[in-house]
Each structure stands twice: as C-alpha cells, then as structure tokens.
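# Coordinate inspection notes
Take a look at the letters that make up each chain.
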Amino acid sequence: MECLPQHTGGGGMRRRALLQAFALAPLLAASAELLAMPAQRVLRLGAPKATPRRVFAAGPPAAVLIAAVAPDRLLGWPMKVSPDALAQLPASLRTLPVVGRLAGRGSTVSLERLLSMQPDLVLDAGDFDANYRDGAERVWKQTAIPFELIAGRLPDHPAQLRYVGRLLGVPARGEALAKAAEAQLALVREVLAARPPASRPTVYYGRGSDGLESGLSGSINTEVIEFCGGRNVAASAGSGGLARVSFEQLLAWDPDVILTQDAGFAARAVQDPRWRALRAVREGRLHCAPVLPFGWLDGPPGINRLPGLPWLLSKLHPGAAPALAPAALRARLAALHLLLWGQPLPADIARHLDTRS
C-alpha cells in the first residue's frame, strides 16, 4: 500500500487526500483480506461493489472452481456438460445454460452478450501467462466489469480455493476445500520422497479417440502426470501444449505406463495387436482415468484434478504408501468427491479403485 503524500501546506489538498483515503479504505481493506495468494499469482481488475452474486466463468477451469466453491453464483457453463456429469453435481448446476467462454483463443461470447448478462464479476483461472493477462485487461477496459484472473497450477489450488472462498463470501467453504487440496498435495510429497527421479516410471498420456494426441513438456494438460512423478515421454518431442504423436514414435518410447481418459480408446487398445506391441498394454498398465463429473487428469485442467492425484499415485507407484491401498484409496476419494460435489462417488468408479484397473 502506498503512503499518502505529505504536504507542508495547502489545507484543501490535505482535505482532498484524506477524502480519497476514506473513499478507498473499503477497497484496500478488502484487497488486503483477499490476498491469501501471492500477488504475482492474482490479477485484480476493478472490484465488485459487494459480494459477487452473479459470476461469469471465463473458461472451464473457472467454471469448475465456482461450481465447487459457490455453485449458486455461477451464471452458466462456458462449455457443454454431459448429462452424466451433471448428475454428479448439485441440483442448482444442472439447469444452467451454456453461455460461452471468454478465455483463450476459443472465445465464443461477445462483449455485448457479456454485458447483457450483467455479471458482478468475471472470473478466470488456470494459465497466468501474458496472453491471458492481456485478454483480461482488454475485457475489463471495454466493459468495466470487475475481472479476476487467478493462477491455477496444481500447487496453487489450496491458496486459490481460499482466495475464491473469501472473494465469493464463503470463506469456510473455501477453507474446507483448501485443506482437502493440501492433503492431496501432501500425499504426493510423501510418495515422491521415497522415489528417486531415476526410478520413476515413464508415462504416455493418450488423448482423443485414437490415443495419438499428447501434451509436450510444460503442457498444463500433462501437469498432473509430471507432478505425480511420471516421466512424460512426449516431453522429448518439445515444449508447449498439445501435439499429434506418430505410432512409430510411441513404439520407440515404449513407456512403462499409458494413461487415457477415453474409455472407448482404452477398450480398443487392449484388443488391438498394434497397441499390444507396447509393454504397458501387454502387461496391464494402460489405465483409464475417471471423467465424472470432470476429468481426473485433464478436461479441464482445474481443481477437478485433485481426485486424480491419489488415483494416479496408485497407478504410478503402487504400494508406495498405506493411503494407496485399495480400501484406503476408495475412502479418500469418496470423501473428496462428496466434499467437492455434494454427491456420492459413482459406484462404477468405486468398484474399479484398485491397482489393477
């Protein structure tokens, strides 16, 4: 906070400075209370006049974040959500319209449409690079709608949840979710402390119906894999986002573990002689992550990945900690799913939570 300028004379100037200080005091106090995250991980543009009641999610990670922290504040979905996913969410979220997205290159909502919805706040979460910051500033300058961009990599999630809980007037809810996030991050640290980098498995993440799209080094789409101690074989192909992979390249990598979120691809791969040329497929280490209500590895890369952390640890480092034993893992994930979404863990997911699935 900057100090007020000091003047040796001019009562009018001193009076104006004091009036400005009093006018700004509520905003500055609110900012001080909210800044539980490092300032360099939050971009605040403007401030709502009161606790936001109508929040526009700029992209899928922000929508998932709001849906978990304060579901009654979400104006609508920036993406289509399947009926199966909606069934795993609170009733207030099941009838929300698809309103489009602002974040990234795939923006589908005009600023005129955004203004017509009269949000109290636009919230974006996830990547915090210059493109996203520039986009947030552009929307704010053109609409005057307060805009918050909050970093959302995996280590950010506890602070992110606390911050949004305070921002939306539900600090106890944000705190409960933040503690749950901290527990999953602590489990990762515990497991990896006993796993030297050289002993960790090589991993390929197969996206799409043919399994031949993957995330390069540094991709947010493969962050959960690298975070859990998997050595992403596609990282050797370069850095950035997503890329197509040739099957010949995949054969050369021959990873220890293959992951996917596409159940159709997983079922076909275990029967396909070409895919069975890979050790991971032949030896039963092709694992399909759950996707309800949102992807446990990706899709979107938001707080929905928190259940994916213990699940993935159990696949990459089976038996590494008592918490990864089947019964303990089921109990942990059931509690986390209930906390996040207010619904029991789907029975078909619970049945397959063992080291062989």
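Scoring rules and cut-offs
Residues numbered from 1 in each chain as written. Predicted model: local features only at pLDDT ≥ 70, side-chain atom pairs only at ≥ 80, totals over all residues. Heavy atoms only, no water. Helix = DSSP H or I, 4+ residues; strand = E, 2+ residues; numbered from the N terminus. Buried < 20%, exposed > 50% of the residue type's maximum accessible area, 1.4 Å probe, protein only. Contact = heavy atoms within 4.5 Å. Areas by Shrake-Rupley, 256 points an atom, 1.4 Å probe, with all protein chains shown as cover. Expected span 1.5 Å × (residues − 1). Arc of directions from axis to C-beta. Phe/Tyr/Trp six-rings, centres within 6.5 Å; stacked < 30°, edge-to-face > 60°. Lys NZ or Arg CZ within 6 Å of the ring centre and 35° of its normal.

### Here we look at the overall build of the protein
From N to C terminus, the protein includes 15 helices and 10 strands. Within the protein, the fraction of its 357 residues that count as buried is 49%. Across the protein, the fraction of contacts at a sequence separation of at least 24, relative to all contacts at a separation of at least 6, is 66%. Per element, the accessible surface of the protein, about 16,100 Å² overall, is 56% carbon and sulfur.

### Quick word on helix H14 (residues 326-341)
Taking 1.5 Å of rise per residue, the 16 residues of H14 would be expected to cover 22 Å, and the 22 Å separating its terminal C-alpha atoms lies within 8% of that figure. Three or more residues of H14 are buried, namely Leu329, Leu333, Leu336, His337, Leu340 and Trp341. Seen from one end, H14 has its buried residues packed into an arc of 100 degrees, which puts them on one side. The secondary structure elements touched by the buried residues of H14 are helix H2 (60-69), helix H8 (171-193) and helix H13 (308-316). With its phi angle positive at about 70 degrees, Gly342 sits one or two positions after the end of H14.

### So, the packing of aromatic side chains
This structure, assessed with the given rule, holds five aromatic pairs. Ring centres of Trp77 and Phe294 lie 6.1 Å apart, and the angle between their planes is 50 degrees; on these two criteria the pair is classed as tilted. You can see Trp77 sitting in the loop between H2 and helix H3 (83-86) and its partner Phe294 sitting in the loop between strand E10 (286-288) and H13, a full 217 residues away along the chain. On the accessibility criterion, Phe294 (6% relative accessible area) is buried. Measuring from ring centre to ring centre gives 6.4 Å for Tyr204 and Trp253, while their planes differ by 35 degrees; the resulting arrangement is tilted. Here Tyr204 is found in strand E5 (residues 202-206), whereas its partner Trp253 is found in helix H10 (residues 247-253), with 49 residues between them in sequence. No difference in accessibility class separates Tyr204 from Trp253, as the two residues are buried. Taken together, the ring pairs in this structure connect Trp77, Phe294 and Trp341 into an aromatic cluster. Across the ring face of Phe247, the terminal group of Arg274 is positioned such that the distance to the ring centre comes to 4.2 Å.

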